[in-house]
Structure formats: C-alpha cells, structure tokens
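Residue-level structural notes
If you want the building blocks of each chain, they are given just below.
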Amino acid sequence: MNLESKIPEGPLSEKWTNHKFNVKLVNPANKRKYDIIVVGTGLAGASAAASLAELGYNVKSFCFQDSPRRAHSIAAQGGINAAKNYQNDGDSVFRLFYDTIKGGDYRSREANVYRLAQVSVNIIDQCVAQGVPFAREYGGLLANRSFGGAQVSRTFYARGQTGQQLLLGAYSALSRQIANGKVELFPRTEMLDLVMVDGKAKGIVARNLVTGKIESHSAHAVVLATGGYGNVFYLSTNAMGSNVTAAWRAHKKGALMANPCYTQIHPTCIPVSGDHQSKLTLMSESLRNDGRVWVPATKELAEKIRKKEIHPNDLSEDERDYYLERKYPAFGNLVPRDVASRNAKYVCDEGRGVNETGKAVYLDFRDAIKRDGEDTIASKYGNLFDMYKQITGENPYAQPMKIYPAVHYTMGGLWVDYNLKTNIDGLYATGESNFSDHGANRLGASALMQGLADGYFVIPYTIGNYLAGEKYEKVDTDHEAFKAAEKEVKDNIDKLLSIKGSKSVDHYHKELGKIMWDYCGMSRTGEGLKKAKELIKDLKVDFWKNVKVLGSNEEFNSSLEKASRVSDFLELGELMVDDALHREESCGGHFREEHQTPEGEAKRNDEDFAYVAAWEYTGPEKPETLHKEQLIFENVKLTQRSYK
Amino acid sequence: MKFKLKIWRQKNNQDKGGFKTYDLDGVSSDMSFLEMIDVLNEQLIDKDEDPVHFDHDCREGICGMCSMYINGEPHGPLRGVTTCQLHMRSFSDGETITIEPWRAKAFPVIKDLAVDRSAFDRVIQAGGYISVNTGGTPDANEIPIPKTVADEAFDSATCIGCGACVAACKNASAMLFVSAKISQLSMLPQGQVERDERAEKMVAQMDAEGFGACTNTGACSAECPKGIDLSNIARMNREYLGAKLSSGK
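Rules behind the numbers
Residues numbered from 1 in each chain as written. Chains lettered and ligands numbered in written order. Predicted model: local features only at pLDDT ≥ 70, side-chain atom pairs only at ≥ 80, totals over all residues. Domains from an automatic or database assignment. Contact = placed C-beta atoms within 7 Å. Nonpolar A, V, L, I, M, F, W, Y, C, P; charged D, E, K, R; others polar. Buried ≥ 20, exposed ≤ 12 C-beta atoms within 10 Å, placed from the backbone. Helix = DSSP H or I, 4+ residues; strand = E, 2+ residues; numbered from the N terminus. Pairing = 2+ DSSP bridges. Core = buried A, V, L, I, M, F, W, Y, C linked by C-beta atoms within 7 Å.

Details of the domain arrangement of chain B
Residues and elements named next belong to chain B. Domain boundaries in chain B define domain 1 (3-111) and domain 2 (117-247). Taking the mean C-alpha position of each, domain 1 and domain 2 sit 29 Å from one another. Between domain 1 and domain 2, the residue contacts involve 18 residues of the former and 17 residues of the latter. Per-class residue counts for the side of domain 1 that touches domain 2 are nine nonpolar, six polar and three charged.

Laid out in structure tokens, this is it:
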C-alpha cells in the first residue's frame, strides 16, 4: 500500500491557497444531489455538518448523546489558539506553525500544521459572528492570554468554559441547518459499521440506542468526527460515553490507524480517590502559572503525611522538594505537559506521593496568595478552586491542592491525507479522530482549533474534490453490502447477549484500563509492553467467554452499549501496545525508558522513526501490517526539546 | 455509609413505572452521586437485575446530560452543582434518598431516570442562532463589544440545557432555558438583525412543545446548576412584547 499524503506542490505558505484553487468544485445546483453522513457532533462534527449543509449538500448527522450539544468538546476549559497577533507580541502564522510542530516533537506533517495555523484566524472571526461570548478587554476588543508555556498571548477564551461556548456556537449553526431541512439529526444513535461498495465508503449501519433498531444509512461520503479513544484507559478526563467504536469499525473495514500509541497525559487532574472512581476531572493547566508543584523531600515525611500524622502546611522549606523548579530552572512549573506528568510519576514511584493511594503531588498556592492576596488568586482561579473543593472536600486556599496526571487526549487516530480523507475513498476523519496535526504531543488550546479548522474550513473544500467525480445515484440500502454489514452488526450483538457470563462489562473495562495505564501509560518499556500484550490477549479471551450483558437488543440497554464499546477497546489496546513496542524511541507523549538522555529526557530517533506509523487490519487475531509515511521537514530544523 | 434508595423504575415509555427500594452499603463519602448509582448497578447486574438507566456523560458538570430529581430537587440538595458533581458527603449516613426522573409533559420518560429532552433542541432550532454561514465574516475585532455587555451575555450563555429549570417548576415551564438564549443573543450586536423574529419564533416553539407558563416563583433559577438569573425571563418578556408590537400581530 502506498500512503499518499497528497501534499500540494509549492512553498509552504502557498500550498493551501493553491490547493483550494486546484480542487474540483461541485456546481451549486448539483450539491443537493449529494448526501453526506457526519458521525459525531462535537466541534469537528457539528462545524462540518453545518458548513456542508450551508453549501447545499444533504447531511445526516449522528450522535450517541441525547442532543448534539452534549458532545465532549463541551468540557474543554482553557481556550483556543489563533495566530491573530492582536497583542502585537510577535505572533504569526509561521510562529504558531513552528510551535505546533516543535511541541509535537517533530512527528506531524508540515503542510497540515501550516494550514491549521493559517485558518486559525478565520475560526475566531466565525465564532464571534455566531455570537460566541469570548473574553474582552474594557475597550471592547478581544482578550488573549498566554497558555501552556507559549511565548506569545494567542489564546482566546471564554472564562474556563471555552469549549462549551464554541460548541454551542457550532450547535447553533447546526440547529439552523436542521431547521432549514438541510441536516437530518439522529440523536441517541450509534454508528456500528461502515458500509463499503466497490472499495468506497457508501454509508453506515447504526443502532438506535432507545429502541435497539439496526438501521442502514446510505450516502455519497462519510465523515467521522468521533473524537479520541482515551477511555481505553478506563479512567480518563473523557466523557463516560467517549469511545473508539466508529473509528475502530472503519479500521476493520480497511481504514488505517495511525500512531495509536501517542497519548497525552495531562499533569493537573484531581487524583483517584478509590476503586469506585468512574472518571477523572481536569484542572486547567493555567493553575501552574501560580501554583508550585512539590512533594516531601523524603519518603519518611511522605509516609507521615499519608498517615495524616503531619499536615503539609507544617513542612519547612527544606522538607519540601519543588522538583520541577529544581530540575528545570528555566521553565520551572511551566514545563510541557508530558514532562510535568512524567516527573509526578517518578516522585510517586519513589514513595513520595501524598494521598492515601500514594499517587498525588501537591500544587501549592500558599506563596501566590502571600504575594498577590487571596482575592487576586480567587479572581483568576475561583471557579477551579470551587470545583476542587466540591470534588475533594478540601479547601485549596488553606492547604495545597493534590494533583496527579490523567489521560486526556489521543494524538493518534485514523490516517488521513492532506484532504482529511482516509485511505478509503469517500471516508473522511476530522478532529481528534484523525491523527494529523499534533504529532506526538498536543499543545494546550490546540484541540479546539483543530476541530473547528477541520470542520469549518478544510472539509467543505476538500470533500467537493471527491464528490465532483462521483455519480449522483445513491446506493440503495437494500444492496447486499448494507445487508451484510447489518447482519454482522446483529450477529455481534447477539453474541454479546448470548454469553451470559458472570462478570460485568465494567469489570473488563477496568482491567483493561489498569493494564494500559501500567504498561502503556506515561512511561513504557519493551518488557512491560510485551507483558501487556499477553495480559490483553488473555483478558479478551475471558471477555468473550465470561462477560455478562443483561437484557435484549430491542430496548434502551446501557450494558449492551458499553459491552460493544469495550470489545473494541480491547482490540485497540492491543494495537496501541504493538505501536508503542515498535517505536524504539521516545517522542512527546510516547516515552520509552530505554530511550532517554542522560538527564532522563525523551530521546528521539529521527534517523529511524521520523515517520507516521499507519496500521492495517488484516483479520481477527492476526498481527496488523505496518505502513510508513515518511515525514519530510523542509521548513523547520529538528532539534531536541530542552526545558532546562 | 449506608443508604436506602427509593428509585423510579420504568421499563419504557409505555410502562406505568413505580418506585423500587434498594439498600446500599459500603458507600464512600468521596463518591459522586452517579458513582454511587454505578455501585448499585454493579450489584444489580450481579443479581441478574436490570441496572438503573440514567443519562450522564461528561461527569464534570458541563454537558448537561445528567438529570436526576433527588429528594424533591433537581440535581439534589446542593446549590450550583449538577448531579454528577454532587458527592455523598452531602448526605447523612442511613438516609433514605428518593430519586426520580425530570417530570414534565414535554420531557417524556424513556426509561427509568432518562427522559427525552429533544424539545429543547427544537426550541433552539426555531431561532436560537445568528444566521451566518461559514466564511465571509468580518475580522473579529471589527465588532467591539463593551466588556460589561459581553460579560452579561456570557452569564446567559452558560446555560447547559439540562432541564432542571423545567423539572423545578410546578408548571414545567421552560422560560428560564429559552430566555437565557434569547437574552444572550439580544444583548450582542451580532444578534440585533434577527432579534424580533427570534423572540417570536422561540416562544412559539416553546409553547408548541407543551411547556407550561411561568409561575413567577423563581424555583427555576434557584435550582439552576449554573445560576442563570431570573432577569433573563424579564428580558425575554420585553423582547417578545417588543417584537409583537413592532410586527403588529
């Protein structure tokens, strides 16, 4: 298989402009003759569905939630980057491009990232026109902040609810097209298979989650905007329903899965409190601007803290180890996410963790409150402090917060070319569900940017290029390909229901999560990954023998929904381990202990691994085939990241 | 901690439904309310009983999907939080907790505690947007908006569409939800062009969905997890009246 990235010719800054001119167009009067399915209604899905409908295409929009407005983009807190340079502080399209490539540890495509930076400015214009209430200065113009250690202030925000406001903007645009009759909405409906006819994506099979009805939907193209797969770890900051099923089923139909091992672990989350934990809550990265991260200097002190024999406030300065400030004097507490996360793990592995489970470090605002006063700190972080208090029952104004890293975002995803088309004709992937823009590590405030860039400004151009060559006639859902896919979906459901084993779906999901977290999480070793592979294999066998799914298909059945998703996570987990095992280097979110510098930092191997690893499904229980897309850097020089 | 849970069980839309009581032991005070239900469900599955169905997704108080009526209050006893952010330390050991779905004609029960809130989506579809297509918009800073106006619009925009306002209201009125969107857009310069039409259409759709009239008791705002202010309703009434007067209908 030849992976053609389809990157346009010409200088970096002119590629997208040239490409837009060169793509084939669909005549305005003919657009209504094409149907497009968009799965997912988060930023990438809702923006794509609305924009495509505005152009005149007939769109069918699917989400598993009860309303498109619930998609998990809604939970993004921090902000959205754009190279507007409103602050006159030296930002530019090239700088945003450069920061994103470097932040991604040189594992993303130059051309895609440059386009992302280019269209970032249009996103802000679009959102403001929709009535998104971004933060403003007293003069009435938009406010910006610096985010995630960026050297310029390019992040637009809406208090700590930027994702919510952007999603409601996209949802309003989508709602308008529903009212216009250009979008047909299918809420509480989950895609369970991709339908291919003559090698092209021609529709999907979906299950109505309320009635259990299995339905086929035919279209000229399918866009997957189905988010990330962080829930393979069971505990993550993802929503409970976030899953890989749509993308995975497309993968099993031939779509390549790229860089699945690239996972982002966010350093500032509220620690796990017990076995009952169902999800983890993120605390905005901005807290690290004022909070100081530390653990007790010795194991013995940490032990006493865990036993509640001493209080953290009573520890003297030399009994505290501000380990980030000590190890990284230049960046201190503001080192990138992967570095901060890994170091928290190290100090806890040394036995210096500070909560009952030993898996927490302090984020202390004592000095900031002393310096700026409690009111100033409250005005900056008040809502986060309240949320922390609500969840933990502890007051962060009076004692240090406890934090620990948690799975937050997955950079890997379906392989797509420059047009966001997968290797299957007619199948596109946008937003977090594709792999394209963040390399091995995503910068803060860039997920929202990418989701909306793909949906508002990329796919509306690129999909026309494909549709212009397609016939108007739609494949009938009576076609044998649809019938076969329906049968496969039904058989799979019947199989899950017929096992009638003894262990709940959550049991398997938790077990899988533990394996993934222990061996394929923040820090990985060849040995550990090999062990994980065996453990997952065994777990998968046990799942198909002993899982207990009550009830029937013909009803609202949450156990069945979960079982189907977990069965896909089990398969994905194995591929993630394979991918992590084969990548004999450390880069971004992928840290192999065998590959580190003498100072313990990630050591890339550009000679052998500057490529995208795209995996091809070859059949049940068969190893997947690796395809490589070499990454070519013509505009940036590859350097080792250093935050000392 | 130990609890007696009185939970509304209803197999589907056709079923009459009724309360069922469960004893639950070994609950940690650090559990969220939904995690407590998770524990109950694991025990029910173990006994081959159908788990309690409920809507939930983000579990961090922003998606608006969770919707439980706990001890006679939407989202339970704490102010300013959704059910998923409510923790068991807010209850006392040995307490009986009654859990029901949202009760409103416009929100039919789907199963157990899950209800159909698509009426809200249809109200937004009636006009809860600014009609701009993608592309061709002016530079974002060409529309200066006074900070105070932007902040006030933001306060209205924080509505999560959970429906607690409807559940709290004796008349199952959706006025707080609808008015929050109308207010947000009517305050912003971008929303002026369609201002009258929007108010008329959204109110008409709200009525068509079968939501009741405002009781003026303010229960909606008191129970709103995001603290949406009652003044939004006053603004909506003004917008609606203004629209009616200018259209002469």
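Here we look at the domain arrangement of chain A
Residue and element names in this part refer to chain A. According to the domain assignment, chain A contains domain 1 (36-263 + 409-467), domain 2 (265-407) and domain 3 (480-630). Here domain 1 and domain 2 have C-alpha centroids that lie 32 Å from each other. Residue classes in the side of domain 1 that touches domain 2 are distributed as three nonpolar, 12 polar and no charged.

Re the pairing of strand S7 (residues 200-208) of chain A
Residues and elements named next belong to chain A. Taking burial as the measure, the nine residues of S7 include seven buried ones, the bulk of the element. Bridge count for strand S6 (residues 189-197) against S7 is eight bridges, and the pairing is antiparallel. What sits directly across from Glu190, in S7, is Arg207. Taking the residues between adjacent antiparallel strands as the criterion, S6 and S7 are bridged by two residues, where Asp198 takes a positive phi near 50 degrees. Two successive antiparallel strands, S7 and strand S8 (residues 214-218), enclose a turn made up of five residues, where Gly212 displays a positive phi of approximately 80 degrees.

Thoughts on the nonpolar core
All names here are of chain A. Counting residues in hydrophobic clusters, the biggest one holds 277 residues, and the most contacted among them are Ile36, Val223, Leu224, Val361 and Leu414. Ranked by residues supplied to this core, first place goes to helix H12 (residues 447-467) with 12 residues. In this structure, Ile36 is in contact with Leu52, Tyr57, Val59, Ala219, His220, Ala221, Val223 and Ile463, ignoring residues within four places of it in sequence.

Some details on the sheet that holds strand S5 (residues 96-100) of chain B
Whenever strands of a sheet pair, they do so through backbone hydrogen bonds, lying parallel or antiparallel. Residues and elements named next belong to chain B. Here we have five strands laid out as an open sheet, ordered S2-S1-S5-S3-S4, and mixed in their pairing. The sheet terminates laterally at strand S2 (18-24) and strand S4 (73-74), the two strands that pair on one side only. For strand S1 (residues 3-9) and S2, the ladder comprises seven bridges, and the chain directions are antiparallel. Residue pairing across strands places Leu5 opposite Tyr22, the latter belonging to S2.

Points about unusual backbone geometry
Notably, Asn88 of chain A is not glycine yet its phi reads approximately 60 degrees, a positive angle. Looking at the secondary structure, you find Asn88 of chain A in the loop between strand S3 (80-81) and helix H3 (93-103).

Things to note about the interface of chain A and chain B
Facing 63 residues of chain A, the contacting portion of chain B comprises 66 residues. No other element matches helix H5 (residues 162-179) of chain A, which puts nine residues into the side of chain A that touches chain B. A breakdown of the residues in the side of chain A that touches chain B according to their chemical character gives 24 nonpolar, 26 polar and 13 charged.

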